[in-house]
Amino acid sequence: AVLTLRPHFYPQSTLLLDAKGFDIKTVQLVGEKGDKTLTYKYDKAQLSITLDRAYTREQTYQVRINYVAKPNELPQGGSAAITSDKGLYFINPLGQERNKPRQIWTQGETQSNSCWFPTIDHPNQRMTQEISMTVDNQYKTLSNGLLVASRKNADGTRTDTWRQSLAAAPYLTMMAVGDFAVVSDTWHGKAVDYYVEPRYKNTAKAVFGNTPEMLEFYSKRLGLDFPWEKYAQIAVRDYVSGAMENTTATVHGNTIQATSRELLDTQYEGSESTIAHELFHHWFGDYVTCESWSNLPLNESFANYSQYLWAEHKYGPDQAGLVQQHDLAAYLEEANDKREPLIRYRYQNREDMFDRHSYEKGGRVLHMLRKHVGDDAFFAALNHYLTKNKYTAVEISKLREAFEETTGEDLMWFFDQWFMQRGHPELKITHSYSNGQLLLRVRQMQDTLFQPIYRLPVTVTIWQKDKANDHRITITKTDETFSFLAADRPSLVKFDSEAQLLGEIDEERSSEELVFQFYHARNYLQRAEPLELLHNKAADAGVSGMYRNALQDNFYAIRRSALDHLRAYRGSAPTAVRSEIQHFATADPSSAVRAQAITTLASFSSENFSTVYQAGLRDSSYLVEAAAVAAIAKAPTPASFQQVVAMENTNSSALLVAIAECYAKAGTMEQYPWFLRRLPDVNDLDLYAYLQSFGAFMVQMPVIEREKGVKTLETLARTHPQYYVRLGAYKGLLTLVPSNPALKETLRDIRDNEKDERLKAYYGLI
Ligand SMILES: [Zn+2]
């Protein structure tokens, strides 16, 4: 490696570099009259080089370091979002693993790129770069920037050189090598490429093809064209994170690739939102970078919010509302155990920053900021922030300043309560009406010893018959009552009718008011909420009418939710409701809705909708097939069991899980080899359920026959890189304990050797 450096301010006679686990061969100063050997100290983490003299900030110098990186010999670390930290990964290096291509790829965030090249591995550094890779000629390469040279060597190898002329932080450097098909798009003359395994070549555009339109949309919305030299995305095996926004060369996990059948089941939040997220990082993260991991929300909250922005633009407000709903639920779930400020200058481990606070909560906070300042000001302020801070590292104050300079308002209160303090508002809303006056009482119930008393500007909508009146109020106290004139008793009082607030809001409403809300809703969340809240009243006449009406909704998530809440329905018109559900199981355009309809039918435990299940087995969607198999698994007949057996060679991971469930219930020794044979074809996320079914399946087998299966589960429970797969394998073994008490000792040993904090906490409860 050759590094070109210049001191930032103070004169420098020593250069300190991050370099983890290298064998250092030589360190030299590059000079016009030849290289000069330098002395150095190296402790396997940092390389301290004594320069030949002191250099000032006006003077540039170059060092050449000859080294061997040994990532596989480094001790393991990582986080929830990024499960390993050795930087450089060799996948199936000897070609011995079945169904797995040979690949090399890297993962730099947070500070892992210094496992394969010497650098100052901090997000506040910036560099241009040139990387050369020598590979067997059959392989493709990818790195940041542009391919500037490709040279065939005499020994049959090829050397590719990639150069990035615009400066980015060291954690954003990447390289990848493997047998990829490259499918090409373009945007304003810049290359937009998708690197996929050759068998996914024909569907690459169906997966990634909206990228040019996203580039256009974000460039326009931000008033700043995508600044980098090209944009490539690559899907790699055994990836250790969700995806990574390496400048101009985003890495995805291989599960983003899909066959045309799998694409029928792809949801926005599955892969397209990830594509949007990583692209948006090229403004927020790569162009303007968080100065320290404490300021990570300046990267991740924006990338998270871009998923909302693209959904809103491309698919409309309902899809955007669904994103918002999931984000809020994800954050609130985490907030049960942990409430931290978004900007955290104190943390145990920098990897702790990669949580649902930095992502989901931060995205929702940006949405509130947008609602508060208005669309024009919001995007003008983002443009100001990006333009003013381009190619630099920033702290949260830079964002506040950009909004204050744009709007002319003091926004310290907003940034303080949402970015600098922990928690969220927990509101209790009640109202009363008498003599033409409506009183609305708002109480802040959160523990204000460690959470702020919030200032909350919101809209309250008062419905009288079919007429709505909006009122803007600002809450500033823990207990406040607002009064409004209203000629008649309101049909509905809706607090935060824009559904923009982040928090837990307990609004007192009667069933009648909630049903009224459903029929008069202005947005997805207002339609979705009554479906959730009235679940226990589904048998009431007005409420069941609402659910049946919701089946006709234009947005699939509302239809799916209505079907979900009609499980085990016991209200009026039982026959009509059942036939409606059956209709949706075969006729709905959304596979998620058809699958839910089948699951709902299967909840009527003493009834058999075998005609519908049969149709489900022939559905074009794997998701629907899997739901039909799961429905059949509840009470298989010899004939229906044989139909499931006939599907056991499927390519669908989701379907393998459903078949495993069926075999666990009604299988025989004959299916034992199947569990072992298909295991490598199940996705990590699906393995959690598959392995538990495998355990349940083995319960019926004689202990002596189980050896191979038990060994497989034990190995996975000890060594699989994903903690939830280890847990699935552990639970699979646990079901075998009653018939094989000797396993108790094995399980104890697995628990004792677990390193993951989440699993340790879970095992601690046992
Ligand atoms: Zn991200």
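Residues numbered from 1 in each chain as written. Predicted model: local features only at pLDDT ≥ 70, side-chain atom pairs only at ≥ 80, totals over all residues. Heavy atoms only, no water.

**Digging into the packing of helix 15 (residues 574-587) against helix 16 (residues 591-602)**
- Relative to each other, helix 15 and helix 16 sit at 140°, their axes nearing to 7 Å. With respect to helix 16, the axis of helix 15 lies oblique. For the pair helix 15 and helix 16, the crossing hand works out as left-handed. Here R578, I581, Q582, F584, A585, T586 and A587 of helix 15 come into contact with helix 16, specifically with V593, R594, A597, I598, T600 and L601. (Axes fitted to C-alpha atoms, helices over the stretch in contact; angles between N-to-C directions. Helix = DSSP H or I, 4+ residues; strand = E, 2+ residues; numbered from the N terminus. Parallel < 35°, antiparallel > 145°, perpendicular 65-115°, else oblique. Left-handed = near helix turned anticlockwise from the far one by under 90°. Contact = heavy atoms within 4.5 Å.)

**Here's the deal with the nonpolar core**
- By size, the foremost hydrophobic cluster in this structure holds 125 residues, and its most contacted members are Y218, W283, L399, F403, F419 and F495.
- Judged by nonpolar contacts, the second largest core, of 88 residues, contains L534, M546, L691 and L759. (Core = buried A, V, L, I, M, F, W, Y, C linked by side-chain atoms within 4.5 Å. Buried < 20%, exposed > 50% of the residue type's maximum accessible area, 1.4 Å probe, protein only.)

**Observations concerning the environment of D136**
- With respect to the helices, strands and loops of the structure, D136 is situated in strand 10 (residues 127-136).
- If we ignore the near neighbours within four places in the chain, the residues touching D136 are T157 and R158.

**A closer look at helix 25 (residues 743-753)**
- Three or more residues of helix 25 are buried, namely L743, T746, L747 and I750. Axial view of helix 25: buried residues confined to an arc of 95°, hence all on one face. Of the exposed residues in helix 25, those oriented more than 90 degrees away from the buried face are K744 and D752.
- As for helix 25, its buried residues are in contact with helix 23 (707-719) and helix 24 (723-734). (Arc of directions from axis to C-beta.)

**Focus: the side chain of E197**
- Looking at the secondary structure, you find E197 in the loop between strand 16 (190-196) and helix 1 (204-208).
- A distance of 2.6 Å separates polar atoms of two side chains, one belonging to E197 and the other to R237. (Polar contact = N/O pair within 3.5 Å; in protein donor to acceptor, adjacent residues only side chain to side chain.)

**Considering the domain arrangement of the protein**
- Each assigned domain of the protein is listed here: domain 1 (1-68), domain 2 (69-280), domain 3 (292-409), domain 4 (426-513) and domain 5 (653-766).
- Each of domain 2 and domain 5 has a C-alpha centre, and these two points are 33 Å apart.
- In this assembly, six residues from domain 2 lie in contact with seven residues from domain 5.
- Between domain 2 and domain 5 lies a buried interface of about 410 Å² when both sides are counted; carbon and sulfur atoms form 34% of it.
- Taken together, the connections running from domain 2 to domain 5 amount to zero salt bridges.
- Taken together, domain 2 and domain 5 are joined by two residue pairs in polar contact (both at pLDDT 80 or more).
- Residues belonging to the side of domain 2 that touches domain 5 are distributed by class as follows: two nonpolar, three polar and one charged. (Domains from an automatic or database assignment. Buried area = accessible area lost by both parts, 1.4 Å probe. Salt bridge = Lys/Arg side-chain N within 4 Å of Asp/Glu carboxyl O. Nonpolar A, V, L, I, M, F, W, Y, C, P; charged D, E, K, R; others polar.)

**Topic: the sheet that holds strand 2 (residues 12-18)**
- Read from one edge to the other, the open sheet built from three strands follows the order 2-6-5, with strand pairing classed as antiparallel. Lying at the two open borders of the sheet, with one neighbouring strand each, are strand 2 and strand 5 (40-42). Put simply, the sheet's adjacent strands are angled 20° from each other on average, direction ignored.
- With six bridges joining them, strand 2 and strand 6 (residues 46-55) adopt antiparallel strand pairing. Within strand 6, the position partnered with T14 by the bridge is T50. (Pairing = 2+ DSSP bridges.)

**Regarding the pattern of salt bridges**
- According to the stated counting rule, one finds 50 salt bridges in the structure shown.
- Note that K760 and E757 form a salt bridge whose closest N and O atoms lie 3.6 Å from each other. One end of the pair, K760, and the other, E757, are both in helix 26 (residues 757-764), three residues apart, so they sit about a helical turn from each other.
- Judged by relative accessible area, K760 falls into the partly exposed class, the value being 38%.
- For E757, a relative accessible area of 58% gives the class exposed.

**Points about the sheet that holds strand 14 (residues 175-178)**
- Ordered in space as 8-9-14-11, the four strands form an open sheet in which the pairing is antiparallel. Looking at the sheet topology across the chains shown, the edges are occupied by strand 8 (88-91) and strand 11 (140-143). Pairwise comparison of adjacent strand axes, ignoring direction, gives a mean angle of 15° for this sheet.
- Two elements, strand 11 and strand 14, share four bridges in a ladder whose sense is antiparallel. For T141, the partnering residue across the bridge sits in strand 14 and is V177.

**Let's talk about helix 15**
- Spanning 14 residues, helix 15 covers 20 Å between terminal C-alpha atoms, matching the ideal 20 Å at 1.5 Å per step.
- Listed as buried for helix 15 are V577, R578, I581, F584 and A585. Within helix 15, the buried residues cover an arc of 120° as seen down the axis, which keeps them to one side.
- Buried residues belonging to helix 15 abut helix 13 (541-550), helix 14 (556-565), helix 16 and helix 17 (610-617). (Expected span 1.5 Å × (residues − 1).)

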